[in-house]
Amino acid sequence: MAGSVAIEFVGAKAIEKALNNNDFAQKAFTSFIRDLADDVERRATIKAPTGVAGALRNSITKDRRELSKHVVSVGSNLRYAKPVEFGSRPHWPPRGSLARWAQLKLGATDPMRADFLIRRKISKVGTEAQPFLNPALDETRRNYFPRRQQTLLKDWGDEFVKQVVRNGGLRA
């Protein structure tokens, strides 16, 4: 994905080893990782800037192909997702790329002129970051475990959850 954050459950290898030969627990852990990714995806979709048509918000998704390694990527395949998340150095955006935005967001009566002026400013100062993926991951880190603690205790057992909380965590 062009602009994405990979979510890795730190300590997953040790947890996987502890789950060895326990199909139910392995399925519960995979479900847990999937739920984490769903939570980050939902929060990032809410936090993403809307732009003109909401394309960035609509493009946020997760890549489940990596679940076997207990790593999931959440992000967007749009080429401008990464510069939105992290900002950009000065550069010249493609001609006409901001005309529609200038017309709809700024009410520009001459969208091509506005497009040029905006692109010229970006060529001098770059763009400011508008983070949405990393803040979504941070919120998930703070809120997910307390919210899911009872379910995890029921599915995995008290001692195992203590081990997960003690030895595991999320890393971007």
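Note that the structure is a prediction, hence the values are computed from the model and not measured. (Residues numbered from 1 in each chain as written. Predicted model: local features only at pLDDT ≥ 70, side-chain atom pairs only at ≥ 80, totals over all residues. Heavy atoms only, no water.)

Draft legend 1. How the structure looks around the overall build of the protein. A count of helical and extended segments in the protein gives eight helices and four strands. Ordering the α and β elements of the protein from the N terminus gives β-α-α-α-β-β-α-α-α-α-α-β. When the 172 residues of the protein are sorted by exposure, 38% land in the buried category. Counting only contacts in the protein whose residues sit at least 6 apart along the sequence, the fraction spanning at least 24 positions is 73%. Total accessible area on the protein stands at roughly 10,300 Å², and carbon and sulfur atoms take up 50% of it. (Helix = DSSP H or I, 4+ residues; strand = E, 2+ residues; numbered from the N terminus. Buried < 20%, exposed > 50% of the residue type's maximum accessible area, 1.4 Å probe, protein only. Contact = heavy atoms within 4.5 Å. Areas by Shrake-Rupley, 256 points an atom, 1.4 Å probe, with all protein chains shown as cover.)

Draft legend 2. How the structure looks around helix H6 (residues 111-125). Look at H6: 21 Å from first C-alpha to last across 15 residues, which is about the 21 Å you get at 1.5 Å a residue. Burial in H6 covers these residues: Ala114, Asp115, Ile118, Arg119, Ile122 and Ser123. Turning to H6, the residues buried within the fold contact helix H5 (99-106). Where H6 terminates, the next one or two residues include Gly126, which has phi positive at roughly 75°. (Expected span 1.5 Å × (residues − 1).)

Draft legend 3. Expanded view of the packing of H5 against H6. The N-to-C vectors of H5 and H6 enclose an angle of 105°; their axes lie 8 Å apart at closest approach. Relative to H6, H5 is oriented roughly perpendicular. Note on element contacts: H6 touches H5 through Pro111, Met112, Ala114, Asp115 and Ile118, opposite Ala99, Trp101, Ala102, Gln103 and Leu106. Its residues assigned to classes, the contact of H5 with H6 shows eight nonpolar, one polar and one charged. (Axes fitted to C-alpha atoms, helices over the stretch in contact; angles between N-to-C directions. Parallel < 35°, antiparallel > 145°, perpendicular 65-115°, else oblique. Nonpolar A, V, L, I, M, F, W, Y, C, P; charged D, E, K, R; others polar.)

Draft legend 4. Seen up close, the layout of surface pockets. Of the pockets and cavities examined, the largest pocket occupies roughly 1,100 Å³. Among the elements of the structure, helix H3 (55-59), helix H4 (81-86), H5 and H6 are those that each provide at least two residues to the lining of the largest pocket. It is H6 that provides the largest number of residues to the lining of the largest pocket, a total of four residues. When its residues are assigned to classes, the lining of the largest pocket shows 15 nonpolar, nine polar and four charged. (1 Å grid on protein atoms, 1.4 Å probe; cavity = no way out; pocket = protein on both sides within 12 Å on 5 of 7 lines; lining within 4 Å. Points joined across faces, edges and corners; volume = space filled by probe spheres on them.)

Draft legend 5. Region of the structure containing the environment of Arg89. Position of Arg89 among the secondary structure elements: in the loop between H4 and H5. Exposure remark for Arg89: the relative accessible area of 73% places this residue in the exposed category. Spatially, the C-alpha atom of Arg89 lies 8.6 Å from that of Lys124, the residues being 35 residues apart in sequence.

Draft legend 6. Examining the side chain of Thr140 more closely. Along the chain, the position of Thr140 falls in helix H7 (residues 133-156). Engagement of the side chain of Thr140 in a polar contact is seen with the side chain of Asp39, the distance being 2.7 Å. (Polar contact = N/O pair within 3.5 Å; in protein donor to acceptor, adjacent residues only side chain to side chain.)

Draft legend 7. Layout of the pairing of strand S3 (residues 71-76). Summarising burial for S3: six of the six residues are buried, a large majority. Both faces of S3 are covered, namely the face carrying Val71, Ser73 and Gly75 and the face carrying Val72, Val74 and Ser76. As defined by bridge partners, strand S2 (residues 61-63) adjoins S3 across three bridges and the pair is classed as antiparallel. From the neighbouring strand, Thr61 faces S3, where its bridge partner is Gly75. (Pairing = 2+ DSSP bridges.)

Draft legend 8. A look at the pattern of salt bridges. Counted according to the given criterion, the structure contains eight salt bridges. The partner of Arg119 in a salt bridge is Asp115, with the nearest N and O atoms 2.8 Å apart. Taken together, the residues Arg119 and Asp115, both in helix H6 and four residues apart, mark about one turn of the helix. Side by side, Arg119 and Asp115 carry an identical accessibility label, which is buried. (Salt bridge = Lys/Arg side-chain N within 4 Å of Asp/Glu carboxyl O.)

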